[in-house]
Amino acid sequence: MASAVFSTTADLDAEFPALAARQLGWLDVALMCVHELDVPGSLRRCVRVLLHWNTDRPPEEIVHVYIKEAAGLRPDRSKLPPVDWNELEQWIAEHLDVTAKPIRK
């Protein structure tokens, strides 16, 4: 992974999304957090992640993931099998560095 840009809607401001990436071990990846434009009627409580990496795969083999309400942002790219949320939460808990403490000012 070369870098990742995390964007959040303006209503999400309690923490930097990049903190979770650091806690999951992305220590050598360039990370940036930004806010999306606050457009009336747009999707709320949404985190987007744009990943940059080197690959030899052609574009048609790349899978873009849109889950929950974000699937409405790109319905043409949202035909994925259902997510097992318990399995995902368990994986995150197993990989989360619980010893890392966020630095708050």
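Refer to the structure presented above.
Just so it is clear, the model here is predicted, and its values are computed rather than measured.

Quick notes on the rules
Residues numbered from 1 in each chain as written. Predicted model: local features only at pLDDT ≥ 70, side-chain atom pairs only at ≥ 80, totals over all residues. Heavy atoms only, no water. Pairing = 2+ DSSP bridges. Helix = DSSP H or I, 4+ residues; strand = E, 2+ residues; numbered from the N terminus. Axes fitted to C-alpha atoms, helices over the stretch in contact; angles between N-to-C directions. Buried < 20%, exposed > 50% of the residue type's maximum accessible area, 1.4 Å probe, protein only. Polar contact = N/O pair within 3.5 Å; in protein donor to acceptor, adjacent residues only side chain to side chain. Contact = heavy atoms within 4.5 Å.

A. Looking closely at the sheet that holds strand β2 (residues 30–35). Spatial ordering of the open sheet is given by β2-β1-β3, a layout of three strands whose pairing is mixed. On the outer flanks of this sheet lie β2 and β3 (47–52), each paired with one strand and no other. Taken pair by pair, the neighbouring strands of this sheet meet at an average axis angle of 15°, ignoring direction. In this structure, strand β1 (residues 3–8) lies alongside β3, joined through six bridges in antiparallel fashion.

B. Representation of the side chain of T9 within the structure. Counting through the fold element by element, T9 comes out in the loop between β1 and α1 (17–23). Owing to a relative accessible area of 4%, T9 belongs among the buried residues under this scheme. From its side chain, T9 meets the backbone nitrogen of R45 in a polar contact 3.1 Å long. Contacts of T9, omitting those with residues within four sequence positions, involve H35, L43, R44, R45 and C46.

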